[in-house]
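If you want the building blocks of each chain, they are given just below.
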Amino acid sequence: MQLFVEHLEVSNFRVIENLSFEPNSSGVTSIVGRNGHGKSSIIEALSFAISGKSFRSAPKESLIRRGSNESLIRVQVITNEERALSLDSLITRSGQDKLRLNTNAVSRREVFRTIPLTAFSVTDIEIVSSSPQLRRDYMDSALVLLGVKAAESVDNYEKLLRHRTSLLKSIQRSGDFDSFDYLEVFDERLAEEGERVVTFRMNFLARIESRLEEMYQEIAGTGHSVRLGYSRSSDDLYRDLKVCRSDDIRKGSTGVGPHRDDLLLYLNGLNARYEASQGEQRTLAFALKMALHRLILDRSGDSPILLLDDIFSELDEVRIESLLDGFDSTQCIVTTSIDHKLLASVGPVFHIENGSIH
Ligand SMILES: Nc1ncnc2c1ncn2[C@@H]1O[C@H](COP(=O)(O)OP(=O)(O)OP(=O)(O)O)[C@@H](O)[C@H]1O
Ligand SMILES: [Mg+2]
């Protein structure tokens, strides 16, 4: 059996005051509703509780329903070993958020590793079109899902980098040269971990590239080529950390390393970030997510939960049908404002109105 969400309870999250929802354990469950009635909110609540990611770059407080001080998302999950998990995610205006898995405090990353999830919304087009941060996040969340060692490297690198930032700032304030020596030792470790992260990312890209092209062609038709590239901010991290040290102290941040690298996407030989059309960027963004989804499925046999927010409005019936056919054992929650007849033939259809589901 595949991992699935058994029950979802959302209170005071965006337009939703109180909502309780039980999707099918496998296959497609649809949520249909008019614009502004809470379709994205329900997907976002689930996605936020598990991955900590919101669909928009708006401040987290804006997720809390107007007039409330806190929002609670409660997710009951059954794992593929038939273990019941209970996840509580509390968002507060005071910033004292809580995340508990079976009543124990946990990190988002731990939750994401325990409950793998693929979420896609229309705003995901930004993964192709916007600054490198989202593309790095894509690679790193893949590493977190794909292996413990890679996930540890990402964690370690981020910790070391934060530590270096505070060190740089303290040297900047005090001109303390003892710390400058300490930076020498420190940079060796940072460079080592950074090189590891780069290698993990590049290996991942090599594994995902053909699946990505395949996925793109499934949606857009054959005859398109998709290639990936990795752009490094430094090809010798230890050397460049040393070279940039004075500059970094002045700026209070580290100028080179995987946190400054980028994933390059080429569609039919052109850099998709700058040259692809909007429709091509949207398709590529979707293909990126789905390629990772398939990679995880092929690798472990475990399918991440799939959340698709409002993607059908862009597709014709034939494409919707072929897409829906592929999700037989995966739990897939889809939202749409158009009540396609097809949806009722593949699974239950719920209606959402003013943040309530029925
Ligand atoms: N913090 C908040 N408190 C109360 N309402 C909010 C809050 N944030 C957003 N909303 C409202 O939530 C409503 C539902 O938004 P949501 O994005 O879930 O709708 P939707 O069903 O996905 O619509 P669409 O079909 O247009 O994508 C919007 O009308 C918005 O004004
Ligand atoms: Mg929406």
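Residues numbered from 1 in each chain as written. Chains lettered and ligands numbered in written order. Predicted model: local features only at pLDDT ≥ 70, side-chain atom pairs only at ≥ 80, totals over all residues.

Details of the sheet that holds strand E8 (residues 117–120)
Part 1: Pairing is mixed in the open sheet, where six strands are placed in the order E8-E12-E13-E3-E14-E15. Single-partner strands in this sheet number two, and they are E8 and strand E15 (356–357).
Part 2: In the sheet, E8 pairs with strand E12 (residues 305–309) via four bridges, with the strands oriented parallel. By the bridge assignment, Phe120 is partnered in E12 with Leu308.
Part 3: Across the sheet, helix H1 (residues 39–51) is in contact with strand E3 (27–32), E8, E12, strand E13 (331–336) and strand E14 (349–353); its angle to E12 comes to roughly 145°. (Pairing = 2+ DSSP bridges. Helix = DSSP H or I, 4+ residues; strand = E, 2+ residues; numbered from the N terminus. Contact = placed C-beta atoms within 7 Å. Axes fitted to C-alpha atoms, helices over the stretch in contact; angles between N-to-C directions.)

Let's talk about the packing of helix H4 (residues 133–146) against helix H5 (residues 148–174)
Part 1: Put simply, H4 and H5 touch, their axes get as near as 6 Å, and they point 135° apart. With respect to H5, the axis of H4 lies oblique. The two elements H4 and H5 cross, and the hand of that crossing is left-handed. Of H5, the residues touching H4 (which contributes Asp140, Leu143, Val144 and Leu146) are Ala150, Ala151 and Val154. (Parallel < 35°, antiparallel > 145°, perpendicular 65-115°, else oblique. Left-handed = near helix turned anticlockwise from the far one by under 90°.)

Focus: the site of ligand 1
Part 1: Taken together, the neighbourhood of ligand 1 is formed by 16 residues, with Val15, Asn35, Lys39, Ser40 and Ser41 sitting nearest.
Part 2: Among the residues forming the shell around ligand 1, the class breakdown is two nonpolar, nine polar and five charged. (Near = placed C-beta within 6 Å. Nonpolar A, V, L, I, M, F, W, Y, C, P; charged D, E, K, R; others polar.)

Considering helix H7 (residues 237–251)
Part 1: Compared with an ideal rise of 1.5 Å per residue, which puts 15 residues at 21 Å, H7 spans 18 Å between its outermost C-alpha atoms and falls more than 12% short.
Part 2: Along H7, the sharpest change in direction is near 60° and occurs at Arg245.
Part 3: Listed in full, the buried residues belonging to H7 are Leu237, Leu241 and Asp248.
Part 4: Phi for Gly252, located one or two positions after H7, is positive at around 70°. (Expected span 1.5 Å × (residues − 1). Bend = angle between axes of the 7 residues up to and from the residue. Buried ≥ 20, exposed ≤ 12 C-beta atoms within 10 Å, placed from the backbone.)

Quick look at the nonpolar core
Part 1: With 86 residues, the main nonpolar core has Leu46, Leu143, Leu284 and Leu307 as its most contacted residues.
Part 2: For this core, the element with the highest residue contribution is helix H6 (residues 177–220), accounting for ten residues.
Part 3: Built from parts of two domains, this core gets at least three residues from each of domain 1 (1–116 + 302–358) and domain 2 (124–301).
Part 4: With near-sequence residues (within four places) excluded, Leu307 lies in contact with Ile43, Leu46, Ser47, Leu117, Ala119, Phe120 and Ile333. (Core = buried A, V, L, I, M, F, W, Y, C linked by C-beta atoms within 7 Å. Domains from an automatic or database assignment.)

Some words on the domain arrangement of the protein chain
Part 1: For the protein chain, the domain assignment lists domain 1 (1–116 + 302–358) and domain 2 (124–301).
Part 2: Spacing between the C-alpha centres of domain 1 and domain 2 amounts to 27 Å.
Part 3: Contact residues are listed per partner, giving eleven residues for domain 1 and twelve residues for domain 2.
Part 4: In terms of residues, the side of domain 1 that touches domain 2 owes the most to one element, helix H2 (residues 108–114), which gives three residues.
Part 5: Residues belonging to the side of domain 1 that touches domain 2 are distributed by class as follows: five nonpolar, one polar and five charged.

A few points about the environment of Thr92
Part 1: Mapped onto the elements, Thr92 comes out in strand E5 (residues 84–92).
Part 2: Classification of Thr92 by C-beta neighbours within 10 Å gives partly exposed; the count is 16.
Part 3: Spatially, the C-alpha atom of Thr92 lies 42 Å from that of Val226, the residues being 134 residues apart in sequence.
Part 4: Other than its neighbours up to four places away in sequence, Thr92 contacts Asn69, Glu70 and Asp97.

Section: the sheet that holds strand E9 (residues 226–231)
Part 1: Sheet architecture is open: three strands sit in the order E9-E10-E11, paired in antiparallel fashion. Two strands in the sheet have a free side with no partner beyond their single neighbour: E9 and strand E11 (270–271).

What about the pairing of E5?
Note on strand geometry: in a regular strand, side chains alternate between the two faces of the sheet.
Part 1: Note that strand E4 (residues 70–78) and E5 share nine bridges and pair antiparallel. Each bridged residue has a counterpart across the sheet, and for Ile78 the counterpart in E5 is Ala84.
Part 2: Judged from the four bridges that link them, E5 and strand E6 (residues 98–101) form a sheet pairing that is antiparallel. Each residue of the ladder has a partner; that of Leu90, found in E6, is Lys98.

Some points on the pairing of E6
Part 1: Between the antiparallel neighbours E5 and E6 lie five residues, among them Gly95 with a positive phi of about 85°.
Part 2: Bridge count for E6 against strand E7 (residues 104–105) is two bridges, and the pairing is antiparallel. Across the sheet, the residue bridging to Leu101 is Asn104, located in E7.

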